[in-house]
Every structure is written in structure tokens, then in C-alpha cells.
Amino acid sequence: MSNTTTKRVPWRDASLSPAERADALLAQMTLEEKTAQLFGVWVGASADGAEVAPHQHEMNEPPDLEALLPNGLGQLTRPFGTKPVDAGAGALSLMRTQERIAASNRFGIPALAHEECLAGFAAWGATAYPVPLAWGATFNPALVKRMAHAIGTDLRRVGIHQGLAPVLDVVRDARWGRVEETMGEDPYLVGSIGAAYVQGLEDAGIVATLKHFAGYAASRAGRNLAPVSMGPREFADVVLPPFEMALRESGVRSVMHAYTDTDGVPSAADRQLLTGLLRDTWGFSGTVVADYFGIGFLEELHGIAGTRGEAAVEALSAGVDVELPTVDAYGDHLLAELGAGRIDPKLVDRAAHRVLVQKIGLGLLDEDWTPVPEVLPADALDLQAVEGTVNLDPAENRQLAAELAEQSIVLLSNNGVLPLRSPSRIAVVGPNAENPLAFLGCYSFPAHVGSQFPDIPAGIDLPTVAASLRTEFPDSEITCVQGCGIDDPSVSGIGDAVAAAREADVVIAVLGDRAGLFGRGTSGEGCDVESLVLPGVQQQLLDAVLESGTRVVTVLLTGRPYALGAAAAKAAAVVQAFFPGEEGGPAVARVLSGAVNPSGRLPISVPATPGSQPASYLAAPLAGPTDVSSIDPTPAFGFGHGLGYTDFSWDGLSVGQTQIGTDGEAEAALTVTNTGDRGGVEVVQLYLHDPVASVVRPVQRLIGYARVPLQAGESARVRFTVPADLASFTGIGLQRLVEPGDLELRFGASSTDIRLVARIRLSGPVRSVDHTRRLHCRVDVTAP
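Described below are features of the structure shown in this document. Counting restarts for each chain, with residues numbered from 1 along the sequence as it is written. Whole-chain, interface and lining totals are the exception, using all residues; otherwise, since this is a predicted model, local features are given only for residues with pLDDT of at least 70 and side-chain atom pairs are given and counted only at 80 or more. Side-chain descriptors were evaluated using all non-hydrogen atoms of the structure, hydrogens and water having been removed beforehand.

**Some thoughts on the sheet that holds strand S3 (residues 75-77)**
Moving on, step 1. Spatially, the five strands line up as an open sheet ordered S2-S1-S3-S4-S5, and their pairing is mixed. This sheet does not close on itself; its edge strands, each paired only once, are strand S2 (53-54) and strand S5 (162-163).
Moving on, step 2. Whether two strands pair comes down to DSSP finding at least two bridges between them. The way it works is that DSSP assigns letters per residue, a run of H or I at least four long becomes a helix, a run of E at least two long becomes a strand, and they are numbered from the N terminus. Of the strand pairs in this sheet, strand S1 (residues 40-44) and S3 are connected by three bridges, and their pairing is parallel. Residue Gly-40 lies in a different strand from S3, and its bridge partner there is Gln-75.

As C-alpha cells, this is what we get:
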């Protein structure tokens, strides 16, 4: 480390506030040193524990570290997530790099290191948890928070400071490839689950990053990075609420801009969004980071900048503090614009101050800072001592991954065939029956990075559905026939699958997606689809085995919902699992056997036909079926739907006051009873219906929910206290309002299965509310 650190300097004085320390440091820095804090360098850890090396990426040439480091460095991009490397060796490599970075600049400032962590730490050998769409299916924020804390703990232990998650985009078109990265099609579900994830990550000491701010998932025709055609009212009422909720409730310290442009304004250059709304209105004080290469895209894709320098000016002026993944626009191009007087140096100070405050908050400028991460022994810092000593997939992680997988599996239909009672002969067909990667999303390490290194094992145990069924049903004769590939057009194997089906007592058809990037998968970033038909010839395989005369249980391992054709009604049962992670195989098997009573609920509707997109349950009356259109968007299975192996009755609805003020709150309660013969979980969902408003409203929208576990014969009283604020919406003048009038509180087992309705009336004047409004019902579950 620089000898500067041996002196008592104000930026290392922990008795001062982070802002005061950052001010003192900025006052001593040159313009080149300040701008150096505003970009990262994409690197890869060394397998032999040596310093990281710049990553060669097709988007640009790797930078010269020798030339950069004397001025300092803002971030290190994905040292673990760029190539397979032993975790101990990676931690040693990162430590040695941080030593070099701190020693190379005048002030001893290390870099902030970030990684992807969307479905677990994206590192070789780290736990692969279910994808965010599966988190949404759990309707269980507390469980997601526990998972995020475990992810954050693993990140911190090896020297990482920031995680690029969660995705708070609300699905508007299921053809979009990144549906798997979202938590569903409802803003309240996305916000409540997403805020819990951020709380867990931040509580573990990791800077969480909200993305993609904002509107990215609403691109035209579900095409990645396509323009967004959306009015300000939909933007305010659908896109922004999850970000509002996470910012208010989680202590999040970073936000990532979206790639897209909305009504012609790219997010990366949107001053009103990144400064006016995010900072001036909402009060966010952390860092805004660029989505990878997003600043350069202002020139290359959006065409609002003629040069990289102009792109840098646009982004920095709008409020983008840090360029990721590597130095480009914010390097020499930004310095040239500063030298020519085309941008105010105060904007550099503004961004650098935010970066330094964040680094100070992480302890990177404290007197006792050390580059040695928790997992490395301070007295034996060599490869031989650390290689193989760091376990990123311990038993407690796998148990948590299993719990999430089990709670996320959705039983869509069941004619009584499930749970299976040890059938003598099981035919397991389909391309995902013996595919160990079938459970992993695009941002899991094996799919995201490992696919580029086919000779290196996945680094984690991935039991397949077939293997898990053999464990779960040891006395059954199990035959596996693939039948077809995931997206292979060949139908030559379907006959063999049908023959196996005819010889079996039950067929388990395991179908679905392959996660990948930019067309290398059927789900994932850049893997958009024209229609929601199962990939390849899987529908033909499914239709053929349905005609075999044997009962068919359809198991879907996917990143998005698919239309199932005749199988939605003809299959004996349909089980939906959204990329359920490394424990997905055993979780599916345990659901099929009945060892687990499924409790997942759909975070996104399953379409009845493959071509009805875009469609969402969160829609106005005219978006539903009408007599003047030949397209019926009614889903096969609606948002919130899910079955189990027991039954529940709902009764005893009571309402406190039927009339409240526009600033009041209503109270309604019901009794839920498990009337079956085994324990289970009911998910009570509360929807708001506003029949008459000054602007068109969705027919209904989720405003609260409760997971209610009950043993056989047990009852619970579920009470919702609903503030009038939850009835607010963006009015004609684009002001958020609570209007007087009649409302319905609809209590349902899903959006298409409303069980009880409480009618209330809001009275008094129209009331304006803002970002400080109440966002939640209070939910109490007690004995009846």
C-alpha cells in the first residue's frame, strides 16, 4: 500500500462522516485520478493465484493496467465470474490484485469488486439457487431474504463488495428472453420479493444493485433491447413501484440504468429519470452504474451521441456515476471533453464523491483496511495453502436451495394421479429428463460462463430428474427415452418415446428450456421468441405421448410460461418449475411422490394459446376477450394459480368499516381452514378492483398476500388492514391520487379464483399522494 496510508489523513479518519472524508480526498485528487474512480476493468482471476488479467471481450480491447493504475481504479468487474477458477485461488488472485491497485495510486485506494448474483454467486463451484421467477412463485419474501443473505455472505467472504441484482422489471410480454430473471408480471409481487432480496444482500454487507432502471422488460414485441412504447401513466403505475419499494425499504446502495429508450429517451441519458426522479424526488444517495457497454450504446445503438466523448457527456450529465464493465467512454474520451470545456468538471466531482462515499462505507479507506478476504488465512497466503479450502456450496446452502425449489414448484393441474403411489413402471421422456443443466438459469455460472469451457465440470452436483426419481421411487422400474432435443427439429425419436409410454403405468414428460445467452439458448438474455409454443418439437412429443393411452404427468423446467395445447386439459397433471436451481431434480421428485405438498403459485399467467402475447392479468377491460376481436387472451392458468394435495375452505368474511376516508384504512378478515387429511399451505391473495375511476384502471391488481401453513383440520384467521393509499393511481394530470368512490377487496386463491369479496367506499375529497405513501397492507395471521 502507498506510504500515504501511514500518515493520519482526514480521508482515513473514521471519526469523520463518509461525506467529509470524501470531500477531503477529492480536494487532493487530480482530474485524472477522479475520473479513474468512475470506471471498472473487466478481469478474470488467475487459477494459480496470481494477479487478475484483463478480460478479452469481443466488445472492446482490454486496457493496459500498467497505464491505468497510477491514477487508481474504480471497480474490478467479475474476477470470479469470467472463467472457472477454484474459489481459494480466486480469492488469493483478487487479494494480490487489490494490493497492487492500492500500492499503485497516491492515496492507496483499492477497487470495488462486483459480481453477478442473480441466482446465486456466479462463480465456479458456488450454489446455484432457483431463478427470480421461481422466487416470485414462492410468495415468500422471508425465504428469499434468507437466500440473499447467504449469497451475500459468500460474496463478502472472498472479497467481493457489490452484487448486480436484483432485477425489478415487471413482465409485460412473456416472449422476452429475460422473463426468467424477473419475479413476475405484478408490481406488488416484484417489489415485495425484490425488496426482501435486497435486504438480505445488504444485511450481509454487499452493495445490491437495482436493475434495470427503468422499463426494460416492456420492449416492443418482447425483443431484447428494443424500444419501449409506454405512456407516463403505465410507467408510473407498473414499472416504477418495485423500485420505489426497494429504495424505501432495503437500504439499497446502487442502481443500474436500463439499455432501452422509452419514447425516444435512452435511460442512460435520461436526466429526469436518473437525477430528477431517482435522486431529487426519491432521495437516493448511492451510485448509478451503467449496464455493460450501455454508455457506448448511446453512440452505437441509440444515435443520440456522435462520438464516445459525447456519449460520456450525456451519461455523466444524466447521472450515471460508474461505467461498466470496463473503461471506454469515461476514460480518455471523457478527459478530452473536459479538456475542451464541453462538460463541467463539477459533474466528475459529483460522481467521484458518490463512489468514494461508497468505498468509505465499505471500509476500503479505513486505517485498518486489508486486502486479505475472510476466507484466506493471514499467515499462509500461497496457492498451496488455499487451493481447495473454500467451499461455496456447503450443505446449508444446498438445504436452502432445496427449500426454495420445493416452495417454488407450481402444480397447475391434477386429476388425482399425483402424488404417485410407487407405480411399477415409470416412463420418463423428454429432453430435460436426464439433462443436469435443465434447472439452471442464464445467469448461473454453468450456463453463463461454464458453457464456454465444456471440458471443465460444472463444479456443483446437479442430480437430474431421472436420477432423482430413481432415488424417490427405488422399487419402480424406470425407463428413460429422450424423444427429442430441446430445440432440435428432428422427430425421429418420438416413436421410441411413445413405445416406452405404452409399456408404462405412468409417463413423466420432462420438457422445457435450455438457458443461454444471445440465441445460444431458448431462454435467457437475447433469447427472445416469436410465440409461446414449446421449443423445437416438444409439443409434438407431448401430444404423441398423450395419445399413448397411458397417464401423462407433464413436468416443465422453463424460464418462461408456455402454451401447452391439448396437454393443459388432457395431461393427468401439469407441474411447472421455473429453473429451480441445483436442487431442482430432487424437489420435482419429492413433489411427484407427495413427500412435498406443492405450495408454489404462478407469478405470471400461463397462456392458453402461443400467439396471444403481449398479455398480462394486470390489464384493463379492453385487454380481455371481447366480441370485436377474434383473439382471446384468457390464460389457461391465471396469475396466482397453484394447487396442492389438500383442500382449504374460506369463510367468515368480516369487514370493519364499509366507509372510510380517502386518508383512512379498511379492515377485512376471513377464516381459512385446512379441510383435507394432510398439512399444506394456502396462499391468500388480496386484489383491488376499482370499478369507476377518472382514468382506465386494471380490472384488478394484487395489493397483498399471506402464506398460511395449516395442519389437517387447523384454521387461521387472516386479517388485512388496507390503507386507502393502496387505491392510488396516476391521474389525468399525472399526479398520484386517491379518489372517492366504491372499491372491491377481492380475496382469492388466484386472480381467476376469487373466493370472497368485501365492498367498501372511500369518501371525502380527492387526495394527492407521493412516494411517501403507504405501500403495504398489514397482514395478521392468528388463531380463529
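**Side note on the packing of aromatic side chains**
Moving on, step 1. When the centres of two rings from Phe, Tyr and Trp lie within 6.5 Å, Trp using its six-membered ring, the rings pair. Their planes under 30 degrees apart give stacked, over 60 give edge-to-face, and anything left gives tilted. Applying the stated criterion to the full structure yields 16 aromatic pairs.
Moving on, step 2. Relative to Tyr-216, the ring of Trp-176 has its centre 5.1 Å away and its plane inclined at 85 degrees; by these criteria the two rings are edge-to-face. Of this pair, Trp-176 sits in the loop between S5 and helix H7 (187-203) while Tyr-216 sits in the loop between strand S6 (209-213) and helix H8 (232-239), placing them 40 residues apart in sequence. Across this residue pair, the class does not change: Trp-176 and Tyr-216 are buried.
Moving on, step 3. Pairing Phe-213 with Trp-282 gives two aromatic rings, centres 6.0 Å apart and planes at 55 degrees, and the pair type is tilted. A residue pair is termed long-range when its members are at least 10 positions apart, and Phe-213 in strand S6 and Trp-282 in the loop between helix H10 (271-281) and strand S10 (287-289) qualify at 69 residues.
Moving on, step 4. Relative accessible area serves as the criterion here: at 0%, Phe-213 is assigned to the buried category. Exposure categories follow from relative accessible area, calculated using a 1.4 Å probe and restricted to protein chains: below 20% of the type maximum is buried, above 50% is exposed, and the middle band is partly exposed.

**As for the state of the cysteines**
Moving on, step 1. Working definition: a disulfide is two cysteine sulfur atoms within 2.5 Å of each other. All chains considered together, the criterion is met by zero disulfides.
Moving on, step 2. This cysteine, Cys-117, is not joined by any disulfide, and Cys-442 carries the nearest cysteine sulfur, 15 Å off.

**Concerning the environment of Ala-467**
Moving on, step 1. Take Ala-467: it is sitting in helix H18 (residues 465-472).
Moving on, step 2. When the C-alpha atoms of Ala-467 and Ala-134 are compared, they prove to be 22 Å apart, with 333 residues separating the residues in sequence.

**Details of the packing of helix H6 (residues 141-157) against helix H16 (residues 395-408)**
Moving on, step 1. For helices, the fitted line uses only the C-alpha atoms of the stretch in contact; every axis is such a line through C-alpha atoms, and the angle between N-to-C directions lies from 0 to 180 degrees. For the pair H6 and H16, interaxial distance at closest approach is 10 Å and the crossing angle is 150 degrees. Taken together, the axes of H6 and H16 lie roughly antiparallel to each other. In this structure, H6 crosses over H16, and the sense of that crossing is left-handed. Residue-level contacts link Leu-143, Val-144, Arg-146, Met-147, Ala-150 and Asp-154 of H6 to Asn-397, Leu-400, Glu-403, Leu-404 and Gln-407 of H16.
Moving on, step 2. All amino acids are sorted into three groups, where Ala, Val, Leu, Ile, Met, Phe, Trp, Tyr, Cys and Pro are nonpolar, Asp, Glu, Lys and Arg are charged, and the leftover types, Gly among them, are polar. When grouped by side-chain class, the residues that make up the contact of H6 with H16 number six nonpolar, two polar and three charged. Here the word oblique covers every angle except those under 35 degrees (roughly parallel), over 145 (roughly antiparallel) and from 65 to 115 (roughly perpendicular). Handedness of each helix crossing follows the sense of rotation of the near helix against the far helix: counterclockwise by less than a right angle gives left-handed, clockwise gives right-handed. The contact criterion used throughout is that any non-hydrogen atoms of two residues lie within 4.5 Å.

**Focus on the sheet that holds strand S18 (residues 659-661)**
Moving on, step 1. Strand order in this open sheet of five strands is S18-S26-S25-S20-S21, and the pairing throughout is mixed. Of all the strands in the sheet, just S18 and strand S21 (701-710) have a single pairing partner and so form its edges. Pairs of neighbouring strands in the sheet enclose a mean axial angle of 30 degrees, with direction left out of account.
Moving on, step 2. As paired strands, strand S20 (residues 680-689) and S21 are joined by nine bridges and run antiparallel to one another. Residue pairing across strands places Val-681 opposite Pro-709, the latter belonging to S21.

**A short note on the pairing of strand S16 (residues 573-578)**
Moving on, step 1. Counting buried positions over the six residues of S16 gives six, a clear majority of the element.
Moving on, step 2. Inspection of the sheet shows strand S11 (residues 410-414) paired to S16 by four bridges, in the antiparallel sense. Across the sheet, the residue bridging to Ser-413 is Val-574, located in S16.
Moving on, step 3. When strand S15 (residues 551-558) meets S16, the two strands line up parallel, connected through six bridges. Following the sheet pairing, Thr-558 is matched in S16 by Phe-578.

**Focus: H7**
Moving on, step 1. For a helix, the expected span equals 1.5 Å multiplied by the number of residues minus one. Taking 1.5 Å of rise per residue, 17 residues should cover 24 Å, and H7 covers 24 Å from first to last C-alpha, within 8% of that figure.
Moving on, step 2. With 16 of 17 residues buried, H7 lies mostly within the body of the structure.
Moving on, step 3. A distance of 2.8 Å separates the backbone nitrogen of Tyr-188 from a side-chain oxygen at the start of H7, and that oxygen is part of Asp-186.
Moving on, step 4. Positive phi shows up at Gly-205, right after H7, with a value of about 90 degrees. Under the rule applied, a polar contact is a pair of N or O atoms within 3.5 Å (in protein, one hydrogen donor and one hydrogen acceptor; residues adjacent in sequence only if both atoms are side-chain atoms).

**Describing the nonpolar core**
Moving on, step 1. Residue types Ala, Val, Leu, Ile, Met, Phe, Trp, Tyr and Cys, when buried and joined through side-chain atoms within 4.5 Å, form a set referred to as a nonpolar core. In terms of nonpolar packing, the biggest core is built from 188 residues, with Tyr-197, Phe-213 and Tyr-330 touching the most fellow members.
Moving on, step 2. Other than its neighbours up to four places away in sequence, Phe-213 contacts Leu-240, Phe-243, Val-255, Met-256, His-257, Ala-258, Ser-267, Leu-273, Leu-274, Leu-277, Leu-278 and Trp-282.
Moving on, step 3. Counting 36 residues, the second-largest nonpolar core is a separate cluster that includes Ile-460, Phe-473, Leu-557 and Val-591.

**Focus on the packing of helix H12 (residues 308-318) against helix H13 (residues 329-339)**
Moving on, step 1. Put simply, H12 and H13 touch, their axes get as near as 8 Å, and they point 90 degrees apart. Comparing the axis directions of H12 and H13 gives the class roughly perpendicular. The residues of H13 that touch H12, namely those facing Arg-308, Gly-309, Glu-310, Ala-312, Val-313, Ala-315 and Leu-316, are Ala-329, Tyr-330, His-333, Leu-334 and Glu-337.
Moving on, step 2. Across the contact of H12 with H13, the residue classes tally to seven nonpolar, two polar and three charged.

Everything listed is a geometric property; what it means functionally is a separate question.
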